[in-house]
Amino acid sequence: MTANSKKGNKNITWETNTNINLGIEFELLKGRLSGSIEYFNRRTTDMLNRFSVPLSLGYSGYYDNIGDMNNKGVEIDLKYIPVKTRNVTWNIGFNATHYRNKISRLAESKKTDIIDGHAGYVNGLYYYGEGLPMYTNYVQKYAGVSEEGKPQWYYTDKQTGEMKTTTTYSQADLYLCGDAVPDLYGGINTSLSFYGFDFSAQINYNIGGQAYDYGYQALMSPPTSTHLGYNVHKDIYKAWSLENTQSDIPQWQFNDLYSVKTSDRFLTNASSISIQNIQLGYTFLKKTLRSLYLTNLRIYVACDNVYYWSKRKGFDSRVTWNGNKDSSGEYSAVRAFSAGLSLQF
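In this text, all values refer to a predicted model and were calculated from it rather than measured experimentally. (Residues numbered from 1 in each chain as written. Predicted model: local features only at pLDDT ≥ 70, side-chain atom pairs only at ≥ 80, totals over all residues. Heavy atoms only, no water.)

Asker: When you look at the overall build of the protein in this model, what are you seeing that I'm missing?
Answerer: Regarding its fold elements, the protein presents two helices and 19 strands. A compact globule built from 345 residues should have a C-alpha radius of gyration of about 20 Å, whereas the protein, at 27 Å, is more than 25% larger. Expressed as lengths along the three principal axes of its C-alpha atoms, the size of the protein is roughly 85 × 55 × 55 Å. Counting the 345 residues in the protein, one finds 37% classified as buried. Taking the contacts inside the protein whose residues are at least 6 apart along the sequence as the reference set, 61% of them involve residues at least 24 apart. For the protein, the exposed area adds up to about 21300 Å²; of that, 54% sits on carbon and sulfur atoms. (Helix = DSSP H or I, 4+ residues; strand = E, 2+ residues; numbered from the N terminus. Rg over C-alpha atoms; globule rule 2.2 N^0.38 Å. Buried < 20%, exposed > 50% of the residue type's maximum accessible area, 1.4 Å probe, protein only. Contact = heavy atoms within 4.5 Å. Areas by Shrake-Rupley, 256 points an atom, 1.4 Å probe, with all protein chains shown as cover.)

Asker: Help me understand the sheet that holds strand S9 (residues 142-145), please; the structure alone is not making it clear to me.
Answerer: Strands pair in a sheet through their backbones, by hydrogen bonds, and they do so in one of two ways: parallel or antiparallel. Strand order across the open sheet formed by three strands is S9-S10-S11, with antiparallel pairing between neighbours. Here the strands that pair on one side only, and so sit at the sheet edges, are S9 and strand S11 (163-166). In this sheet, adjacent strand axes meet at a mean angle of 35 degrees when their direction is disregarded. By the bridge criterion, two bridges tie S9 to strand S10 (residues 151-156) in an arrangement that is antiparallel. Bridging across to S10, Tyr142 finds its partner in Trp153. (Pairing = 2+ DSSP bridges. Axes fitted to C-alpha atoms, helices over the stretch in contact; angles between N-to-C directions.)

Asker: Please explain the pairing of strand S17 (residues 272-283) as it appears in this structure.
Answerer: Each regular strand displays side chains that alternate between the two surfaces of the sheet. Across 10 bridges, strand S14 (residues 197-207) lies against S17 in antiparallel orientation. Looking at the pairing, Ser200 lines up with Gln279 of S17. Both S17 and strand S18 (residues 296-310) contribute to a ladder of 11 bridges, which runs antiparallel. Bridging from a neighbouring strand, Leu280 pairs with Val301 of S18.

Asker: Can you help me understand the pattern of salt bridges in this one?
Answerer: When the charged atoms of two side chains with opposite charge come close together, those side chains can pair. For the structure on display, the rule yields 11 salt bridges. Lys164 is paired through a salt bridge with Asp157; the nearest N and O atoms lie 2.9 Å apart. A residue is classified by how much of its surface remains accessible, and Lys164, at 30% relative accessible area, is partly exposed. Note that Lys158 is salt-bridged to Asp173, the shortest N-O span being 3.7 Å. Pair noted here: Lys158 is in the loop between S10 and S11 and Asp173 is in the loop between S11 and strand S12 (174-179), with a separation of 15 residues, a long-range link. The exposed category is assigned to Lys158, whose relative accessible area is 72%. Here the salt bridges share partners, and the residues they tie into one network are Arg43, Asp68 and Arg105. (Salt bridge = Lys/Arg side-chain N within 4 Å of Asp/Glu carboxyl O.)

Function-wise, these values are silent; they only describe arrangement.
Next up, the structure:
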């Protein structure tokens with residue numbers, strides 16, 4: 001007897017991409033300031049996507065062509081030279097990209113639901129709907145803590161249409177809760193050379209976007225009879241108690257199976273700043289090298305992955321392509337120091 005690990009699809013076909021790019025380049029202040037501004041629009045037709053299915057079927061999911069998608073936005077690239085003399089040169093670079101992602105069309109067979117006027121389907125924690133970004137979160141909305149310290153979630157009253165709260169998780173409704181697409185991302189770089197010394201640095205940034213932090217969710221889980229001896233997050237000390245009734249973290253108690261259920265409580269602002277690289281070097285004067293029969297000699301020290309800041313310490317949304325992150329099972333880039341010597345004869 002054999003079991004399928006994957007399911008094939010004989011009707012599957014290639015995605016097709018159509019790109020439109022319009023831009024201008026400029027140079028001002030006698031070359032001190034230069035850059036470009038570009039508009040882009042990328043249309044993907046016959047978009048491929050994976051569908052999750054119950055494991056009882058013998059496989060976890062399959063791929064299919066689901067429809068069309070658009071990615072469009074603006075990219076800015078600037079370069080500025082604040083100082084340029086015989087012995088000192090300072091360069092600054094900046095780039096930023098703002099774009100919006102939208103599913104423009106879905107196959108009729110994939111329109112199994114209509115949420116807030118968007119026809120589409122549910123896949124895991126996401127809702128794929130026409131007119132919505134690709135990775136739109138579709139989860140329960142957390143409503144804080146009740147007067148007794150129990151977790152609450154929202155549901156919509158079917159008769160009045162009003163949003164109300166409940167402490168029973170099974171009664172909670174699913175809502176569209178933002179997406180993983182950042183509002184702005186890019187980088188800043190600078191280089192400075194002065195009297196033989198050179199210094200450079202590269203900083204990347206990401207502003208906006210929602211990411212689901214599975215790691216934090218796991219670390220906030222109370223112990224149960226089958227879940228003992230695990231690490232926990234320091235935020236458990238902020239949980240609701242008789243002495244701390246203003247907390248939005250439910251009472252932390254043994255065998256609580258619902259306080260860390262899936263909800264937008266664990267959706268985190270994915271904004272981040274990272275110092276990717278810093279390097280400092282020195283190039284010896286040519287007249288100093290003549291006696292050594294060298295034409296060039298440079299020594300340097302460098303550090304990669306210098307520093308990373310995110311909304312929640314330990315949360316690194318860079319390691320995934322859809323914004324969701326399990327901080328307990330993946331490592332961020334390791335900080336590395338290096339030194340070198342460059343010789344030319």
